[in-house]
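Notes for the structure review
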Amino acid sequence: MMEEVKAQDFQKRRKRVQTLKKLIVGIWVASMCIPVICCVILFVKVHELNHTLTELGKQLEDLSTSVAGLESAGEYEAMGEGYARVGESSGDGVYTMDSVENASMDMLADAVPDAEAREMEAREAAHKVYLTFDDGPSIYTQEILDILDRYDVKATFFVVGKEDEASKEALMQIVERGHSLGMHSYSHKYSELYQSVDAFAEDFQKLRNYLYEVTGVESNLYRFPGGSSNTVSRVDMQEFVDYLDQQGVTFYDWNIASGDGSTGSLSVQQLLKNSTKDIEKWHTAILLMHDAGDKRSSVEALPMIIENILAMDDTVILPITEETTPVQHIHTNINQ
Ligand SMILES: [Zn+2]
């Protein structure tokens, strides 16, 4: 009897152990399979989502290309200012779509928001600074252009009549690199230039035609040698101003002088100080500098001048265009 009871107990225990074993194996199998199944499901989902994302990306690209195309057609005109190019004038001296027909639409789509943002910033800036270089081209023009490029700023060159090959190349570079080209008389000889309105007109036409031949730009900007306040001219300066008006040309003097025009060269530090200390007094600050063979220190000071101006609050550097508020010594201008 005792033997029988023992055998039954043994049987029961064995069954329990077997059940426990099955349970453990079951749990083990489940713990292996569930993550695998989950992974497979997730993999399929990710694949589906990737596909959807690619489709949406394509749609977005198509959409933005067509929007950019529409915008650039209307707004690119505002990007080039200051002078009219041969065969490309739209009447008010701006580039038209014809002048950029070779540029791809992709480039335009990239350029337009940038140009727009810059234009907006420039329009609203409290201080607009115009770097101007008189008397060029010179042996330093290329170096000045390289410095300006390095800081991505545009300037204005008031040039004289120099017809050697290097000067022609420099004139073309000024235009090609997006700077404004202004006139500073062909001869730069005060005694001839200011003799009479006829003499002035002859010199003016000679330079304007020459620049047009070389660069394709018909300049509308003028700076009188010695400024409009010079004391050399025996003829009333207003007569020359009237003549320029008739030609559709605006003259620009300066309200800040770097001091590089004076005899005896100033130190780089002095040029920097002269060029920057009064900028915040002006809404329109036109800075006079020289692009001339004996003005090496101006080239050396230029990077620091630009860096200092760019670091000023609410201040931008711009090229002179027909829209720039003129600074004119013989006229008081309340908008400066
Ligand atoms: Zn000069």
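Notes on the structure in this doc start here. In this text the structure is predicted, and so the values were computed from the model without any measurement.

1. What about the overall build of the protein chain?
On a plain count of helices and strands, the protein chain comes out with 9 helices and 10 strands. For the protein chain, the proportion of its 336 residues judged to be buried stands at 40%. A separation of at least 24 residues holds for 78% of the contacts in the protein chain among residues at least 6 apart in sequence. Total accessible area on the protein chain stands at roughly 19500 Å², and carbon and sulfur atoms take up 55% of it.

2. Looking at the coordination of the zinc ion
Looking at the zinc ion, one finds its protein donor set to be Asp135 (OD), His184 (NE2) and His188 (NE2), positioned 2.1 Å from the metal centre. Counting the intervening residues between successive donors of the zinc ion yields the motif D-x48-H-x3-H. Of the residues examined, histidine 188 reaches a relative accessible area of 25% and is grouped as partly exposed.

3. Considerations on unusual backbone geometry
Here the residue pair glycine 136 and proline 137 is connected by a cis peptide bond, since its omega of -5 degrees sits within 30 degrees of zero. Of note in this structure, aspartate 152 is not a glycine but carries a positive phi near 55 degrees.

4. Observations regarding the packing of aromatic side chains
The full count for this structure, using the stated rule, is 12 aromatic pairs. Aromatic side chains phenylalanine 133 and phenylalanine 157 sit 5.1 Å apart centroid to centroid with 20 degrees between the ring planes, which places their arrangement in the stacked category. Of this pair, phenylalanine 133 sits in strand β2 (residues 127–136) while phenylalanine 157 sits in strand β3 (residues 156–159); the two residues are 24 residues apart in sequence, bridging distant segments of the chain. Side by side, phenylalanine 133 and phenylalanine 157 carry an identical accessibility label, which is buried.

5. Looking at the packing of helix α4 (residues 165–176) against helix α6 (residues 197–215)
For the pair α4 and α6, interaxial distance at closest approach is 9 Å and the crossing angle is 75 degrees. What the angle tells us is that α4 and α6 run roughly perpendicular. On α6, the residues touching Lys168, Leu171, Met172 and Val175 of α4 are Tyr210, Leu211, Val214 and Thr215. In terms of residue class, the contact of α4 with α6 is made up of 6 nonpolar, 1 polar and 1 charged.

6. Describing the nonpolar core
Core analysis: the largest hydrophobic core is formed by 54 residues, its most contacted members being Leu131, Leu148, Tyr222 and Phe224. When residues in this core are grouped by element, the largest group, 7 residues, is from α6. Not counting residues up to four positions away in its chain, the partners in contact with leucine 148 are Leu131, Phe133, Val153, Ala155, Phe157, His179, Leu302 and Ile306. Grouped together as the second largest cluster of nonpolar side chains are 13 residues, Ala125, Trp254, Ile286 and Leu288 included.

7. Some details on the environment of leucine 288
The topology assignment puts leucine 288 in strand β9 (residues 284–290). Its relative accessible area of 9% is what places leucine 288 among the buried residues. Along the sequence, leucine 288 and aspartate 134 sit 154 residues apart, while their C-alpha atoms lie 7.5 Å from each other. If we skip the residues at most four places from it in the chain, leucine 288 touches Thr132, Asp134, Arg223, Trp254, Ile256, Ala257, Ser258 and Asp260.

Cut-off values and rules
- Residues numbered from 1 in each chain as written.
- Predicted model: local features only at pLDDT ≥ 70, side-chain atom pairs only at ≥ 80, totals over all residues.
- Heavy atoms only, no water.
- Helix = DSSP H or I, 4+ residues; strand = E, 2+ residues; numbered from the N terminus.
- Buried < 20%, exposed > 50% of the residue type's maximum accessible area, 1.4 Å probe, protein only.
- Contact = heavy atoms within 4.5 Å.
- Areas by Shrake-Rupley, 256 points an atom, 1.4 Å probe, with all protein chains shown as cover.
- Donors = N, O, S within 2.8 Å, 3.2 Å for Na, K, Ca; no water.
- Phe/Tyr/Trp six-rings, centres within 6.5 Å; stacked < 30°, edge-to-face > 60°.
- Axes fitted to C-alpha atoms, helices over the stretch in contact; angles between N-to-C directions.
- Parallel < 35°, antiparallel > 145°, perpendicular 65-115°, else oblique.
- Nonpolar A, V, L, I, M, F, W, Y, C, P; charged D, E, K, R; others polar.
- Core = buried A, V, L, I, M, F, W, Y, C linked by side-chain atoms within 4.5 Å.

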